[in-house]
Amino acid sequence: MADMPDMADKGLLRFLTCGSVDDGKSTLIGRLLSDTHLIHDDQMLALEDDSKRFGTVKGGIDFALLVDGLEAEREQGITIDVAYRYFQTEKRGFIVADTPGHEQYTRNMVTGASTASLAVILVDARKGILTQTRRHTFIAHLLGIRHVLLCVNKMDLVGYAENTFRDIETGYLQFTDNLDFESVTAVPVSALNGDNVTGKSAQMPWFNGKCVLDFLETVQVDAGKNRTGARLPVQWVCRPDGDFRGFAGTVAGAALKPGDAVRIEPDGAATRIESIETEGEKLTQAVPGQAVMVTLTDNVDVARGDVIRHADSAMQTADQVQAHVVWMSENPMIPGRQYHLKLATAAARASITDLKHTININTLEHVAAKTLELNDVAVCNLSFDRRVAFDAYQDCPETGAFILIDRETNETVGAGMIDFALRRALNLTKQKLSLDKNVRADALGQKPAVLWFTGLSGAGKSTVANIVDQKLHLAGRHTYMLDGDNVRHGLNRDLGFTDADRVENIRRIAEVGKLFVDAGMIVLVSAISPFRSDRDMARDLLQPGEFFEIHVDASLATCEARDPKGLYARARKGEIANFTGISSPYEPPAAPELRIDADTTDPEAAADLVLALLARD
Amino acid sequence: MKYLRMNSLTNLQRLESESIHILREVAASFERPVLMYSIGKDSSVLLHLAMKAFHPAKPPFPLLHVDTTWKFKEMIAFRDARVRDLGLDLIVHVNEDGLKRGVSPIKSGATVHTDVMKTEALKQALTLHKIDCAIGGARRDEEKSRAKERVMSFRDVNHGWNPRRQRPELWNLYNCRVKPGESVRAFPLSNWTEIDVWNYIRAESIPVVPLYFAAERPVVERDGQLIMADDDRLDIRPGETVRTEMVRFRTLGCYPLTAAVRSDAADIDAVIAETRAATNSERQGRIIDFDQAASMEKKKREGYF
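For clarity, every value in this text was computed on a predicted model and none was experimentally measured.

**Points about the overall build of chain B**
Point 1. Within chain B, the secondary structure is distributed over 8 helices and 10 strands.
Point 2. Sequence separation of at least 24 residues holds for 73% of the intrachain contacts in chain B that already meet a minimum separation of 6.
Point 3. On chain B, roughly 11400 Å² of surface is accessible, and the fraction owed to carbon and sulfur atoms is 50%.

As structure tokens, then:
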């Protein structure tokens, strides 16, 4: 690239714009694009045409239509999703994440902020700092953005008055004083007229600062972004032949050099960087953000999900953390439910064990909560199914951020930023038991298992389970029965029938079942257990081959006709809320070990099917 | 790229690293990915990045070209030469059923031809080869509905895109989970612009189809657009004459549906200078885009790239 001096020193700035349509956000972006000649003639023609059809600016060009690309957005005149726009000047390339400003789109703003290193926050000069200004600023802070440009817009409507601007600037600086920003800059603009957007305004000679574009072209955002040494989360292991063994990944934190002493986390093995290369070309260093291939001097065990980190800069490793979590799904988060976790390149299972509080993002007040709804921001404790290496998000976002994925729908449901490892996870070493499960099971002369009977109320789960229990007992097996109804009278007396309580109910039954399996027993669980993810959680607690999911499958009509406890009749009258099959969903197993057609199979025959299943195993 | 600025990357280096990161995530996360190779400049950059991402190994996925049988002759020659030089696997898929039905851009029109020979054909190929991730060279700056598309863009079992139910995409943590039959379209060049692509082609000396550079070519003028007579299948209408003009292409597709522009830009520096000064966007040469308002979003919902 030596022959391209005009490109060589060009950096890339990713920034976020926040503010509602009324603040003139789209107008500002449209103005930046058109004044830097980034709108082509054919696009301008289309924009003029669209402005006539959908526009909200009488007789003029509605720049909002340039960024609102989806049909629904254009018809409704609102921004629904994050839009990315691109422009370049002689000095820099820019990626703009344009996000909707309303509270119901917090999810989108968080998404846009996650990759931005600067936030442009708009306020209307006539209105000053509003609740939403504070909300946007808090989200920028939460996502680790360290630079803010406050655009005080519509200065033309306040007569370009300096004191109006200074009052807003002073108020905003006071508000952001205790937030951890490296720079906060205010600029008075009129996006509509182009004042202080791409050039200094003649209307405001009293303003000595830079115009918006000048500021964006020159602001330094890279320095001090990370507060850790080098990290290389391993994406992919390269083994083209017997000789070469390379580890591909993108560097974070600080520069990495050949010869650097490193540790492989989470296990902590020590080695050195032998070489760093891209396409065979040896590099003298790799800087943050650079995708490289490294080789190591020792033949240590390294796989995708591990982190190669500089030996002088420790990472935390734990299976329990405190984190800020933003909920992104219409389906609420339920404590105890397991989700897929993706943290850098590592995958694990995670559940929220303790929902400490949510944060009212307008007032920053802490609010007690039992579940998380869409757009909620919360402080939580999470538990992982294995030890994971990470940093605090504020120190290194690349190794401190995670997403949560629903195990059933594969939807991305949560975004998290780790605060710290929980001390109890650091200090607690698992009590090593000398008598293990195999010893206990051998003593009983059987293979321990959980037979998990699931199905609608009245399907015949307990009836079949009881017959199986008796037959196993007669055959000399050691069994124990955990009946959902009975457990609710004791261990789970404190739980109701909300989704959250149902998840906890199943979690406790599953954990008790696991203890019995540890003791060598065959456990029969009879519980409606309507949610697939909870039954999967129970399965995951056990070793492969120990869990038998038995779907006692009776149609709702059959169950309702039987109605042994009169519950369906009451549910139909509305006397019982959250009744499975009526007012609460039942998710049938996708691949149970056994499905019993309870409409046509009598309980004795059903029990024999279960025994045959066990005998086969 | 030879050198680094003190402690941070240049614009192109950042884009390159991000794209390589995405390609590696695809390789590590999916069972049967494929790289959509459309032979254009964006595909050329994509292929170059894939070679870099996995070096010294070969990219761990094959290339797929959906051939409408109406591509420029030079494109097909270029494709075969590249694949041979790089030693890669190439799957070529043609919608044989569409061919039998006689679908063509001349007889059937742009919309039907694109629908059958591109969108339909692509879906056939993805289903046939059980592809769970198709890597494409689309960029967000190309078109408004693309501006809102994810890097890992989820497709349902019918290959459809639902713009209102897209997965949130944060940081560089891409959700690569799909169920059987579902798939993802991965777009490593999402954040590149047209000028970035050209600058990178120059910086890395990436081979591209010569049609991008101006030369004397046989064209007819039709509805204000210059269409190249690439073979004798083009219907010359009454009043039209084939003339030789100095032209080049900003975008490549099926030759009767891709308009040339008059240009003297015969090398990469001239092309970059022309691109910088351009007053029209590159998609203006795509006849299919003018068919209806919001047409790209509609096509994408139906499974188009």
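**Some remarks on the overall build of chain A**
Point 1. When helices and strands are tallied, chain A shows 19 helices and 25 strands.
Point 2. A buried classification covers 57% of the 617 residues belonging to chain A.
Point 3. Sequence-distant contacts in chain A: of pairs separated by 6 or more residues, those separated by 24 or more amount to 72%.
Point 4. Split by element, the accessible area of chain A, about 25500 Å² in all, is 49% carbon and sulfur.

**Describing the sheet that holds strand β8 (residues 225-228) of chain B**
Residues and elements named next belong to chain B.
Point 1. Strand order in the closed barrel formed by 4 strands is β7-β8-β10-β9, with antiparallel pairing between adjacent strands. The sheet shows a mean angle of 70° between the axes of neighbouring strands, taken without regard to direction.
Point 2. Pairing of β8 with strand β10 (residues 259-262) involves 2 bridges; the strand directions are antiparallel. Within β10, the residue paired with Leu-226 across the bridge is Ala-260.

**Describing the packing of helix α1 (residues 11-29) of chain B against helix α6 (residues 194-203) of chain B**
All names here are of chain B.
Point 1. Running from N to C, α1 and α6 cross one another at 95°; their axes reach a closest spacing of 11 Å. Here α1 is positioned roughly perpendicular relative to α6, judged by the angle of their axes. Between α1, through Asn-11, Leu-12, Leu-15 and Glu-16, and α6, the contact on the second element is made entirely by Asp-196, Asn-199 and Tyr-200.
Point 2. Residues that form the contact of α1 with α6 fall into these classes: 3 nonpolar, 2 polar and 2 charged.

**Quick word on the nonpolar core**
Point 1. Residues Leu216(A) and Trp171(B) are the most contacted members of the largest nonpolar core, which totals 150 residues.
Point 2. Among all residues touching Leu216(A), those that are not within four sequence positions of it are Leu13(A), Phe15(A), Leu32(A), Arg92(A), Phe94(A), Leu118(A) and Val120(A).
Point 3. In terms of nonpolar packing, the next biggest core, distinct from the first, is built from 30 residues, Ile467(A), Ala554(A), Ala607(A) and Leu614(A) among them.

**Brief notes about the sheet that holds strand β22 (residues 479-483) of chain A**
Backbone hydrogen bonds hold the strands of a sheet together, and the pairing may be parallel or antiparallel.
Residues and elements named next belong to chain A.
Point 1. Reading across from one edge, β22-β23-β21-β24-β25 is the order of the 5 strands in this open sheet, with parallel pairing throughout. The open sheet has two edge strands, β22 and β25 (594-597), and neither has a second partner. Ignoring strand direction, the axes of neighbouring strands in this sheet form an average angle of 15°.
Point 2. In terms of strand pairing, strand β21 (residues 449-454) meets strand β24 (residues 547-553) through 5 bridges, oriented parallel. Among the inter-strand pairings, Phe-453 is bridged to a residue of β24, identified as Ile-550.

**Details of the side chain of Ser351(A)**
Point 1. By the element assignment, Ser351(A) lies in strand β16 (residues 346-359).
Point 2. On the basis of relative accessibility, which here comes to 11%, the residue Ser351(A) falls in the buried class.

**Remarks on helix α16 (residues 532-541) of chain A**
Since the α-helix advances by 3.6 residues per turn, residues separated by three or four positions end up pointing in the same direction.
Point 1. Looking only at α16(A), the buried set comprises Ser533(A), Asp534(A), Arg535(A), Met537(A) and Ala538(A).
Point 2. Looking at the buried residues of α16(A), the elements they touch are β15 (338-343), β21, α15 (499-518) and β24 of chain A.

**Looking at the pairing of strand β6 (residues 183-188) of chain A**
Regular strands place side chains that alternate from one sheet face to the opposite one.
All names here are of chain A.
Point 1. As defined by bridge partners, strand β5 (residues 147-153) adjoins β6 across 6 bridges and the pair is classed as parallel. Bridge pairing links His-147 to Ser-183 in β6.
Point 2. In this fold, β5 hands off to helix α8 (residues 162-176), which returns the chain to β6; that crossover is right-handed.

**Some points on the packing of helix α2 (residues 41-54) of chain B against α6(B)**
Each pair of packed helices can be described by the angle between their axes along with the distance between the axes.
Residue and element names in this part refer to chain B.
Point 1. Direction vectors running N to C along α2 and α6 enclose 55°, while the axes themselves pass 10 Å from each other. In terms of their interaxial angle, α2 and α6 are classed as oblique. The interaxial crossing formed by α2 with α6 has left-handed handedness. Contact residues: Lys-41, Asp-42, Val-45, His-48, Leu-49 and Lys-52 in α2; Glu-194, Val-197, Trp-198, Tyr-200 and Ile-201 in α6.

**Side note on the pairing of strand β8 (residues 246-250) of chain A**
All names here are of chain A.
Point 1. β8 sits mainly inside the fold: 5 of its 5 residues count as buried.
Point 2. Across 4 bridges, the pairing between strand β7 (residues 231-238) and β8 is antiparallel. For Val-237, the partnering residue across the bridge sits in β8 and is Phe-247.
Point 3. With 4 bridges joining them, β8 and strand β12 (residues 291-296) adopt antiparallel strand pairing. Looking at β12, one finds that Phe-247 is bridged to Val-294.

**Regarding the packing of aromatic side chains**
Point 1. Inspection of every chain in the model, using the stated rule, returns 19 aromatic pairs over all chains.
Point 2. Judged by centre distance (6.2 Å) and plane angle (80°), the ring pair of Phe15(A) and Phe94(A) falls under edge-to-face. Here Phe15(A) is found in strand β1 (residues 11-18), whereas its partner Phe94(A) is found in strand β3 (residues 92-98), with 79 residues between them in sequence. For the pair Phe15(A) and Phe94(A), one class covers both residues: buried.
Point 3. Between Trp70(B) and Tyr255(B), the ring centres sit 5.9 Å apart and the planes meet at 40°, which makes this aromatic pair tilted. Here Trp70(B) is found in the loop between β2 (63-66) and α3 (73-86), whereas its partner Tyr255(B) is found in the loop between β9 (243-248) and β10, with 185 residues between them in sequence.

**Notes on the environment of Arg107(A)**
Point 1. Relative to the assigned elements, Arg107(A) resides in helix α6 (residues 106-114).
Point 2. If we ignore the near neighbours within four places in the chain, the residues touching Arg107(A) are Met328(A), Glu330(A), Leu374(A), Asn375(A) and Pro168(B).
Point 3. Polar contacts involving the side chain of Arg107(A) include one to the main-chain carbonyl oxygen of Met328(A), which spans 2.9 Å.

**A word on the side chain of Thr580(A)**
Residue and element names in this part refer to chain A.
Point 1. Within the element layout of this structure, Thr-580 appears in the loop between α18 (567-572) and β25.
Point 2. A polar atom in the side chain of Thr-580 sits 3.1 Å from the side chain of Arg-502.
Point 3. Not counting chain neighbours up to four residues away, the residues in contact with Thr-580 comprise Leu-456, Arg-502, Ile-528, Pro-530, Pro-585 and Tyr-586.

**Quick word on the pattern of salt bridges**
Residues and elements named next belong to chain A.
Point 1. Overall, the coordinates contain 53 salt bridges over all chains when judged by the stated rule.
Point 2. Arg-349 is the partner of Asp-540 in a salt bridge, and the nearest nitrogen-oxygen pair spans 2.6 Å. Of this pair, Asp-540 sits in helix α16 while Arg-349 is found in strand β16, placing the two residues 191 residues apart along the sequence.
Point 3. With relative accessibility at 34%, the residue Asp-540 sits in the partly exposed group.

**Regarding the confidence of the model for chain A**
All names here are of chain A.
Point 1. In this model, chain A carries a mean pLDDT of 87, and residues with pLDDT of at least 70 account for 90%.
Point 2. Below pLDDT 50 for its whole length, residues 1-8 participates in 17 contacts with residues either more than four positions away or in separate chains.
Point 3. In the predicted structure, residues 427-433 sits below a pLDDT of 50 and forms 0 contacts with residues beyond four places in sequence or in another chain.

**As for the confidence of the model for chain B**
All names here are of chain B.
Point 1. Model confidence for chain B is summarised by a mean pLDDT of 89, while 89% of its residues fall at 70 or above.
Point 2. For the stretch residues 1-6, pLDDT sits under 50, and the model shows 22 contacts to residues farther than four places along the chain or on other chains.
Point 3. Here residues 289-294 is modelled with pLDDT under 50, and outside its nearest four sequence neighbours on either side it reaches 10 contacts, counting other chains as well.

Cut-offs applied
Residues numbered from 1 in each chain as written. Chains lettered and ligands numbered in written order. Predicted model: local features only at pLDDT ≥ 70, side-chain atom pairs only at ≥ 80, totals over all residues. Heavy atoms only, no water. Helix = DSSP H or I, 4+ residues; strand = E, 2+ residues; numbered from the N terminus. Contact = heavy atoms within 4.5 Å. Areas by Shrake-Rupley, 256 points an atom, 1.4 Å probe, with all protein chains shown as cover. Buried < 20%, exposed > 50% of the residue type's maximum accessible area, 1.4 Å probe, protein only. Pairing = 2+ DSSP bridges. Axes fitted to C-alpha atoms, helices over the stretch in contact; angles between N-to-C directions. Parallel < 35°, antiparallel > 145°, perpendicular 65-115°, else oblique. Nonpolar A, V, L, I, M, F, W, Y, C, P; charged D, E, K, R; others polar. Core = buried A, V, L, I, M, F, W, Y, C linked by side-chain atoms within 4.5 Å. Right-handed = clockwise from strand over helix to strand, strands pointing away. Left-handed = near helix turned anticlockwise from the far one by under 90°. Phe/Tyr/Trp six-rings, centres within 6.5 Å; stacked < 30°, edge-to-face > 60°. Polar contact = N/O pair within 3.5 Å; in protein donor to acceptor, adjacent residues only side chain to side chain. Salt bridge = Lys/Arg side-chain N within 4 Å of Asp/Glu carboxyl O. pLDDT = per-residue confidence, 0-100.

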